[in-house]
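Inside the fold
Residue-level listing of the chains:
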Amino acid sequence: MNSEFQPGETGAQELPNWTPDMSAFWMPFTNNRFFKANPRLLASAEGMYYRTPAGRLVLDAVAGLWCVNAGHGRREIVEAIQEQAAILDFAPTFQLGHPKAFELSTRLAQIMPEGMDRIFLTNSGSESADTALKIALAYQRARGQGGRFRLIGRARGYHGVNFGGVSVGGIGGNRGYQAQVWGVDHLSATYDPKAAFTRGQPEQGADMADELERLIAVHGAESIAAVMIEPVAGSTGVLVPPKGYLQRLRELTAKYGIVLIFDEVITAFGRVGAATAAEVFGVTPDIITMAKGLTNGAAPMGAVAVSRTLHDQVIDAAAPGIELFHGYTYSGHPLCAAAGLATLELYARDQLFERAAELSSYWEDAAHSLRDRTRVKDVRNFGLVAGIELEPRPGAPGARAMEIFHRCFDEGLLIRVTADTIALSPPLIIEKAQIDEIFGRLAKAIDETL
Ligand SMILES: Cc1ncc(COP(=O)(O)O)c(C=O)c1O
């Protein structure tokens, strides 16, 4: 799959042949001052590897940013985008349509859990999150429950960066703006230090979902519209739900008429061994948000799968005319829709979700091989995701992991760090030898970083 690239071909001196002016681009979620003094650039990619401008290979242990599930540079996706660009560059989907947006929605609906076959298209995970929250509110109003305005999230939840998502999200820094969506409350994170080094789902902790009843007692169910959580939290360090937790949350939300939203921006499209985490855990929410793997990262696109019950309620209760006052100029953009269709076809043809499921126990063993390294505080894993949490440096949280990130990159391995947790999520085409290489190199980098 990775043609001419050889694993381990790294270490060449960085000799940048491309030195752009970096001052204009205000980089997202980046220490701009540090980066621009110490730039690390990516120039091309194929299969499991990036190349730097100097031609140095970097093994991608994070699928770019949890997106490139089918590996980089897939010809089928590239050609689909090229062909579509020549046929129809842009078409609005407000009061008009074009075939690819409908085809993609139909195709996506086919791999969603039973009954979740109505699809709203967006351009990102953040937009999917805010779209899902609005749909939940619209549904409650449509069924005569307009008093339900509260949105419940979870501490350490990440739902992108738009106002709905940051308000419902549980990350202090992201919420640090003066304005928020009003009436939001949070469940506790499912992180339990007593469960350190658990393989897969912790046995204990389903009762953490009962906290929803405490919030209901405080606010009243009649004021709560929706609960939004990530089935497996990724961005705040890979938090795996305890056994029974998601089931319990489903029972409670159903009992109290609260919409349950799974944010599957990183867990969908094979990451945990099936099309959705909902399928893997056997829990069907009312709404699922997606993005990233939908187009294999090749074009910006997100999607929101909505249960037919919610959809029909909103549509049927609306006065004649537009039923939902929401949408993006680029909802269902032809190039992205073509990329999405080619991607879903590739996932099915190469059976990549099944491949991820098959590789997950090998991945788990490899991740847990790091458990005895000095400074490793916890290893968590699920599907093809792993979180390796390190002891923070006294007085400098995050510094140790960031140094490991830089060290790994310079030695040919792309990882991701969030605070002091290393979060890994490779393309699903990964080979066992590459899994060994990732954890071997990581072990070395951890050992060398005091
Ligand atoms: C669970 C979750 N939701 C939403 C988002 C936001 O997606 P985007 O960056 O495409 O807006 C992310 C991004 O990592 C995510 O992990």
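Residues numbered from 1 in each chain as written. Predicted model: local features only at pLDDT ≥ 70, side-chain atom pairs only at ≥ 80, totals over all residues.

Moving on, we get to the overall build of the chain. Along the chain, the regular secondary structure elements total 14 helices and 15 strands. Relative to the 2.2 N^0.38 estimate, which gives 22 Å for 450 residues, the radius of gyration of the chain is 22 Å and therefore close to what a compact globule would have. Counting all 450 residues of the chain, 49% fall into the buried class. Long-range contacts, defined as pairs at least 24 residues apart, comprise 75% of the intrachain contacts of the chain with a sequence gap of at least 6. (Helix = DSSP H or I, 4+ residues; strand = E, 2+ residues; numbered from the N terminus. Rg over C-alpha atoms; globule rule 2.2 N^0.38 Å. Buried ≥ 20, exposed ≤ 12 C-beta atoms within 10 Å, placed from the backbone. Contact = placed C-beta atoms within 7 Å.)

A few words now on the packing of helix H13 (residues 399-410) against helix H14 (residues 432-448). At a closest axis distance of 10 Å, the pairing of H13 and H14 adopts a crossing angle of 130°. Looking at the two axes, H13 sits oblique to H14. Judged by the sense of rotation from one axis to the other, the crossing of H13 with H14 is right-handed. Residue-level inspection shows Ile404, Arg407 and Cys408 of H13 in contact with H14, the latter providing Arg441, Leu442, Ala445, Ile446 and Glu448. Of the residues in the contact of H13 with H14, the class split is five nonpolar, no polar and three charged. (Axes fitted to C-alpha atoms, helices over the stretch in contact; angles between N-to-C directions. Parallel < 35°, antiparallel > 145°, perpendicular 65-115°, else oblique. Left-handed = near helix turned anticlockwise from the far one by under 90°. Nonpolar A, V, L, I, M, F, W, Y, C, P; charged D, E, K, R; others polar.)

A separate point is the nonpolar core. Ranked by internal contacts, the top residues of the largest apolar core, which has 127 residues, are Ala136, Ala226, Ile287 and Ile415. The dominant element in this core, judged by the number of residues it contributes, is helix H11 (residues 334-349), at nine residues. Built from parts of two domains, this core gets at least three residues from each of domain 1 (32-74 + 352-448) and domain 2 (78-349). Setting aside residues up to four positions removed in sequence, Ala136 forms contacts with Ala225, Ala226, Val259, Ile261 and Ile287. (Core = buried A, V, L, I, M, F, W, Y, C linked by C-beta atoms within 7 Å. Domains from an automatic or database assignment.)

Following the sequence through the fold, Leu310 ends up in helix H10 (residues 308-317). Considering only alpha carbons, one finds Leu310 and Ile135, 175 residues apart in sequence, at a separation of 8.3 Å. Once residues lying within four places of it in the same chain are set aside, the contact partners of Leu310 are Ile135, Tyr139, Asp286 and Ile287.

Let us look at the pairing of strand E7 (residues 224-229). As a general feature of sheets, a regular strand has side chains that alternate between the two faces. E7 sits mainly inside the fold: six of its six residues count as buried. Direction of pairing for E7 relative to strand E8 (residues 259-263): parallel, over a ladder of four bridges. Note that in E8 the partner of Ile229 across the bridge is Phe262. Handedness of the crossover joining E7 and E8 through helix H8 (residues 245-255): right-handed. (Pairing = 2+ DSSP bridges. Right-handed = clockwise from strand over helix to strand, strands pointing away.)

Quite often, the size of an interface is put as the accessible area lost when its parts meet. You can read the domains of the chain as domain 1 (32-74 + 352-448) and domain 2 (78-349). Taken together, the contact between domain 1 and domain 2 spans 34 residues of the former and 28 residues of the latter. Elements with a minimum of two residues in the side of domain 1 that touches domain 2: helix H2 (63-66), helix H12 (352-368), strand E11 (376-382), strand E12 (385-390) and strand E15 (421-424). Element by element, the count of residues in the side of domain 1 that touches domain 2 is highest for H12, at seven residues.

Time to look at the site of the ligand. Taken together, 14 residues sit near the ligand, with Ser124, Gly125, Ser126, Gly160 and Val265 positioned nearest. In terms of residues, the shell around the ligand owes the most to one element, helix H5 (residues 125-142), which gives three residues. (Near = placed C-beta within 6 Å.)

A few words now on unusual backbone geometry. Residue Trp66 is not a glycine yet carries a positive backbone phi of 65°. Within the fold, Trp66 resides in helix H2. A positive phi angle, close to 65°, is found at Phe197, a residue other than glycine. Along the chain, Phe197 turns up in the loop between strand E6 (184-187) and helix H7 (211-219).

Here the focus is the environment of Ala37. With respect to the element layout, Ala37 can be found in helix H1 (residues 32-37). Under the C-beta neighbour-count criterion, Ala37 is labelled exposed, with 9 such atoms within 10 Å. For the pair formed by Ala37 and Pro300, sequence separation is 263 residues and the distance between their alpha carbons is 29 Å.

Take the packing of H12 against H14 next. Geometry of a packed helix pair, given as the angle between the helix axes and the separation of the axes. As a packed pair, H12 and H14 sit with axes 9 Å apart at the nearest point and diverge in direction by 20°. Taken together, the axes of H12 and H14 lie roughly parallel to each other. Both H12 and H14 take part in a crossing whose hand is right-handed. Across the interface between the two elements, Tyr362, Trp363, Ala366 and Ala367 of H12 pack against Lys432, Ile435, Asp436 and Phe439 of H14.

Moving on: the environment of Val280. Note on placement: Val280 falls in helix H9 (residues 277-281). Separated by 77 residues in sequence, Val280 and Ala357 place their C-alpha atoms 9.9 Å apart. For Val280, the residues in contact, after removing those within four places along its chain, are Val272, Gly273 and Ala274.

Now for the sheet that holds strand E3 (residues 57-60). Here four strands make up an open sheet; going across it, the order is E1-E2-E3-E13 and the pairing mixed. Strands with a single pairing partner mark the edges of an open sheet, and in this sheet they are strand E1 (44-46) and strand E13 (413-414). Two elements, E3 and E13, share two bridges in a ladder whose sense is parallel. Among the inter-strand pairings, Leu59 is bridged to a residue of E13, identified as Leu413.

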